[in-house]
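Spelled out from the first residue to the last, the chains are:
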Amino acid sequence: DAKTTQPNSMESNEEEPVHLPCNHSTISGTDYIHWYRQLPSQGPEYVIHGLTSNVNNRMASLAIAEDRKSSTLILHRATLRDAAVYYCNARGGSQGNLIFGKGTKLSVKP
Amino acid sequence: GAGVSQSPRYKVAKRGQDVALRCDPISGHVSLFWYQQALGQGPEFLTYFQNEAQLDKSGLPSDRFFAERPEGSVSTLKIQRTQQEDSAVYLCASSLDRLAGGRVTDTQYFGPGTRLTVL
């Protein structure tokens, strides 16, 4: 499993796009990149995952660098409900568990 | 549909007491995980089940921690002789299955957690 590095915190204004970066320079070719987020007093929830190609879903987009050593989670229009801690995981191998760092605490200002 | 549920949501124990935390995974989910989350930290892996088999317990911090999933559905995390450092939120997650060859990409669905406070 690759170690991931994320900024401790970020701020955004409501209805503006947010780009949350993650570095995973030791990622192997078969590691998937997962993003989860945790709202206050809740368990983490899945946001998106990808391997090589950029991915889009109803919640967000995931942009993966060509060398796969970094990725960016994109929230196209931040809302107050997007205020949470966002965790990036780069995981593969035979173990199923996720490895969480401290994540990035996103604050959204109205 | 029903998600992962955990009970109790809050538990206060006196130091030295035994506690049992319950997790009801999503029906049909094969894999079940337990994580421990200290205040201000990300969740840390404790143990993993595939059906009733405990395949990985490398994250359990001491032999006071024990987990079981006897029928491959509901799981219980038991902590014996609780200590103050055991105070944390205990999260359970389930996922549909493990892919062939051990490569896992399945989404994990988390419960709300049990907040344990040891006095």
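Everything here concerns the structure above.
Remember, predicted model here, so these are calculated numbers, not experimental data.

A. Quick peek at the interface of chain B and chain A. At the interface, 22 residues of chain B touch 24 residues of chain A. Viewed at the interface, chain A and chain B are joined by 0 salt bridges. Run the count over chain B and chain A and you get 4 residue pairs in polar contact (both at pLDDT 80 or more). Among the elements that make up the side of chain B that touches chain A, the one with the highest residue count is strand 4 (residues 31–37) of chain B (3 residues). For the side of chain B that touches chain A, a count of residues per class yields 8 nonpolar, 9 polar and 5 charged.

B. Spotlight on the sheet that holds strand 1 (residues 5–7) of chain B. Residues and elements named next belong to chain B. In spatial order, the strands read 1-3-8-7; together these 4 strands make up an open sheet with antiparallel pairing. Looking at which strands have only one partner, the edges of the open sheet turn out to be strand 1 and strand 7 (65–68). Between one strand axis and the next, the sheet turns by 15° as a mean value, whatever way the strands run. Sheet analysis places strand 7 next to strand 8 (residues 75–79), joined by 4 bridges and oriented antiparallel. Pairing of A67 across the sheet is with L77, part of strand 8.

The rules behind each value
Residues numbered from 1 in each chain as written. Chains lettered and ligands numbered in written order. Predicted model: local features only at pLDDT ≥ 70, side-chain atom pairs only at ≥ 80, totals over all residues. Heavy atoms only, no water. Contact = heavy atoms within 4.5 Å. Salt bridge = Lys/Arg side-chain N within 4 Å of Asp/Glu carboxyl O. Polar contact = N/O pair within 3.5 Å; in protein donor to acceptor, adjacent residues only side chain to side chain. Helix = DSSP H or I, 4+ residues; strand = E, 2+ residues; numbered from the N terminus. Nonpolar A, V, L, I, M, F, W, Y, C, P; charged D, E, K, R; others polar. Pairing = 2+ DSSP bridges. Axes fitted to C-alpha atoms, helices over the stretch in contact; angles between N-to-C directions.

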